[in-house]
Amino acid sequence: MPTAPTVRPRPRAALAMKPDAAAAVLGPETLAALGAVCELTPPPVLDDFTTHRARATLADVEILITGWGCPPLDRAVLDLAPRLRAVAHTAGTIRGHITDACWERGIEVSSAAAANALPVAEYTVAMILLSGKRALERARDYRAARDRDDWLGMDGNVGNYGRTVGILSASLIGRRVIELLRPYDVRVLLHDPYVSDEEAAALGVRPVGLGELFARGDTVSVHTPLLPATRGLVSRELLTSMRPDSVLINTSRGAVVDQDALTDVLKRKRIRAVLDVTEPETLPPDHPLWTCENALITPHLAGSQGNETRRLADLAVGEVQRWAAGDGFAHPVRRERLAFLA
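Calculation criteria
- Each residue is numbered by its place in its chain's sequence as written, counting from 1.
- Only residues with pLDDT of 70 or above have their local features reported here, since the model is predicted, and side-chain atom pairs are shown and tallied only from 80 upward, although totals for entire chains, interfaces and linings are computed over all residues.
- Calculated side-chain values reflect all of the structure's heavy atoms, with hydrogen atoms and water omitted.
- Comment: elements are numbered from the N terminus, with helices defined as DSSP H or I runs of at least four residues and strands as E runs of at least two.
- Burial classes follow relative accessibility: with a 1.4 Å probe on protein chains only, a residue under 20% of its type's maximum area counts as buried, one over 50% as exposed, and anything between as partly exposed.
- Under the rule applied, a polar contact is a pair of N or O atoms within 3.5 Å (in protein, one hydrogen donor and one hydrogen acceptor; residues adjacent in sequence only if both atoms are side-chain atoms).
- Contacts are residue-level and defined by heavy atoms, with any inter-residue pair within 4.5 Å sufficient.
- Think of the arc as the fan of directions from the helix axis to the C-beta atoms.
- DSSP bridges decide pairing: two strands pair if at least two such bridges lie between them.
- Fitting a line to C-alpha atoms yields each axis, with helices limited to the stretch in contact; the angle taken between N-to-C directions then spans 0 to 180 degrees.
- Here, the term right-handed applies to a crossover whose path from the first strand over the helix to the second runs clockwise when the strands point away from the viewer.

S.K.: Mind showing me how you'd approach the side chain of Asn116 here?
M.R.: Mapped onto the elements, Asn116 comes out in helix 6 (residues 113-132). Overall, Asn116 belongs to the buried group, its relative accessible area being 18%. A distance of 2.7 Å separates the side chain of Asn116 from the side chain of Ser304, its partner in a polar contact. Not counting the four nearest positions on each side in its chain, Asn116 is found in contact with Gly303, Ser304 and Leu312.

What follows is the structure, encoded as structure tokens:
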């Protein structure tokens, strides 16, 4: 007689994140999909591992589905979770909650960074094109002088045809920006010391040194992760070497840029900037960057917002389904790659 197929037991799972993160990312359809493949601990989500309920949940959990605000999974917490084998993160960076103890325990980790990279790249490309057309400045001037009729007599430097775009770091987001720029008539330069000439050719970009990237770019877009080696990487020297009226775009981390130097350069109106991140993340009300008309500052909106969070949820559900079926994660995070991740 044929052997009946083995039915894998559904793993015990729990949600660990801030309640508002869960509300933003995990809708009813997502929770239903997770519940179909896991024994999902009912709400409320865990955002404090020291409570009696959290300790009882951790005792049986096999996979944690985490999100923004998940407390650190340190050795003390892992001692409370002897059966934990995997973590599926519904956001990008895992630096806030995955600790060395997780790797030492051999816990598998997945991240939705690939899903979060897309809206950041879309924002970046939109800002490259809009800044090339000087759309925001011209709209402001148009509003201020509505009785003029000579708006077609514009500067010959306005536009995106043949512009040079410099990409700092071929991260997930940097690579996606390069891909999205392919249909446009722009030249793309890349600085990333970990990318070979052969890989750069495959990406369709020209590899250059850091100084050349800033000196030649009409737009320079920063996509490097914040690490001890990259803090302040975009220095005063690099900023002052940029071409007059060029644009710096930063969607990575504010501290990658020497913000005091950037403020000085912007106040002299040498360059323009699009800053979706600053240091600190919310600038003090009296910070001089607020008074720089040549700086567009947005409130970290490049990442997944609104309905874009469904993409994060869909990726996480797919990861849990694969893991529960014994197929492993499609988007695993490796310990040896942490130094290259945001």
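S.K.: Help me out: how do you make sense of helix 8 (residues 172-181) in this one?
M.R.: Each α-helix turn comprises 3.6 residues. Residues three or four places apart therefore point the same way. Of all the residues in helix 8, the buried ones are Gly174, Val177, Ile178 and Leu181. Looking down the long axis of helix 8, one finds its buried residues gathered within 100° of arc, a one-sided arrangement. Tucked inside the fold, the buried residues of helix 8 contact helix 6, strand 6 (163-168), strand 7 (186-191) and helix 9 (197-203).

S.K.: Mind showing me how you'd approach the sheet that holds strand 7 here?
M.R.: Backbone-to-backbone hydrogen bonds join strands into a sheet, with any given pair of strands oriented parallel or antiparallel. If you walk across this open sheet you meet the seven strands as 8-7-6-9-10-11-12, and the pairing is parallel. A strand with exactly one partner marks an edge of an open sheet, and here the two such strands are strand 8 (206-207) and strand 12 (295-297). Across four bridges, the pairing between strand 6 and strand 9 (residues 219-222) is parallel. In the strand pairing of strand 9, Leu168 is matched with Val222. Strands in contact with helix 8 are strand 6 and strand 7; relative to strand 6, the strand with the most contacts, it is inclined by about 160°.

S.K.: What am I meant to see in the pairing of strand 10 (residues 247-250) here?
M.R.: The side chains of a regular strand alternate between both faces of the sheet. Alternating positions in strand 10 separate into two faces, Val247 and Ile249 on one and Leu248 and Asn250 on the other, with burial throughout. Inspection of the sheet shows strand 9 paired to strand 10 by four bridges, in the parallel sense. Bridge pairing in strand 10 places Val220 opposite Leu248. Across four bridges, the pairing between strand 10 and strand 11 (residues 272-275) is parallel. Opposite Val247, over in strand 11, you have Arg272 as the bridge partner. This β-α-β element, strand 10 to helix 12 (residues 259-267) to strand 11, shows right-handed connectivity.

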